[in-house]
Amino acid sequence: MKQGVLIKTDSLTLCYGKYTALQEVSLDIREGGFYGILGPNGSGKTTLINIMCGVLKPSSGHITWNGKELSSCSRRHIARSFAVVPQNCSINFPFSVLEVVMMGRKPHLGRMGRLSHKDLEIVYNCMEHCSVLEHAQKAITSLSGGERQRVLLARALAQTPQVLFLDEATSNLDISHKLELLKLIKKLNTEKAVTVIAVLHDLNFAGMFCEYLVYMDKGRVICEGPANLVFNEEMINKVFHVQVEIKKHAVTGKYNLTLLPDLE
Ligand SMILES: Nc1ncnc2c1ncn2[C@@H]1O[C@H](COP(=O)(O)OP(=O)(O)OP(=O)(O)O)[C@@H](O)[C@H]1O
């Protein structure tokens, strides 16, 4: 892997009331890495990324960013550097798509809060990359689930973040948009060294795009490592309790997973 440790979690535990959703999670996230967080429903993936991006505070344990406690970093500094694409769009007010994507520039604006030509150029570029330019004047509330997700991704990209957190951010997208957007994110990762931390349910896309995988189950990290070592049949069976076959694809050279269901 490249670069030094950017985000370090040390024995993170998080309890929702009496329920322990995350237990003793210690991870090193290296700068410029593309991380996939995998695991069954309820295994703590969203909770983990919400702690890593500063939305949730752990019940115990530490999280540092560039060696500094995340809780001691300013909200503005975090907002300039971390962008999150959540699982669901929580915007219920009929902001236009343009307004929503412009919000991504907010942490970078000066006191007057005005967008410069450069800011607007970034906004329009991100809308174009995420194929939402044609919806610029529409209310976000009038869009389909997949279109909204692409707007939220455009807003996150407009933030020009150092770290991009994706929480099943491509789950509502059709296969063509999913592929295009993951390719775009991979490009940002390789060309601009944006660190990507993505919760993914689609294991084939995880095998295709992630260079490092973290498997979670019942709030714990079960296994982590380079995808070429840990994207294997034994781990998928251990974590998801399904039989699969993983083979290197002759054309793409990527590992491909086929589910072997017991249909008896
Ligand atoms: N605000 C909350 N209050 C109480 N329990 C919660 C809360 N948020 C999450 N949980 C519980 O914590 C556990 C972990 O939830 P989390 O959303 O992190 O899982 P996940 O791995 O992201 O799941 P999924 O794949 O279904 O999105 C779940 O059992 C969930 O019910």
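Above this text is the structure in question.
Let us look at the structure shown here. No experiment lies behind these values; they were computed from the predicted model shown.

**Some words on the nonpolar core**
Stage number 1. Formed by 54 residues in total, the largest nonpolar core has its most connected members in Leu164, Leu166, Leu213 and Tyr215.
Stage number 2. Looking at this core element by element, the count peaks at seven residues for helix α5 (residues 145-158).
Stage number 3. Discounting chain neighbours no more than four positions away, the residues touching Leu166 are Ile49, Val85, Leu153, Ile185, Val196, Ile197, Ala198 and Val199.
Stage number 4. Membership of the second largest hydrophobic core comes to 28 residues, among which are Ile7, Ile29, Ile37 and Trp65.

**Thoughts on the environment of Ile185**
Stage number 1. Looking at the element boundaries, Ile185 is found in helix α6 (residues 175-192).
Stage number 2. A C-alpha to C-alpha distance of 9.7 Å links Ile185 and Thr195, two positions 10 residues apart in sequence.
Stage number 3. Aside from chain neighbours lying at most four places away, what touches Ile185 is Phe34, Leu153, Leu164, Leu166 and Val196.

**A closer look at unusual backbone geometry**
The bulk of non-glycine residues show a negative phi, and the bulk of peptide bonds are trans.
Stage number 1. In the Ramachandran plot, Thr160 falls in the positive-phi region, its phi being about 45 degrees despite a non-glycine side chain.
Stage number 2. Relative to the assigned elements, Thr160 resides in the loop between α5 and β7 (163-167).
Stage number 3. Judged by its relative accessible area of 41%, Thr160 is partly exposed.
Stage number 4. Notably, His241 is not glycine yet its phi reads approximately 60 degrees, a positive angle.

So, how was this worked out
Residues numbered from 1 in each chain as written. Predicted model: local features only at pLDDT ≥ 70, side-chain atom pairs only at ≥ 80, totals over all residues. Heavy atoms only, no water. Core = buried A, V, L, I, M, F, W, Y, C linked by side-chain atoms within 4.5 Å. Buried < 20%, exposed > 50% of the residue type's maximum accessible area, 1.4 Å probe, protein only. Helix = DSSP H or I, 4+ residues; strand = E, 2+ residues; numbered from the N terminus. Contact = heavy atoms within 4.5 Å.

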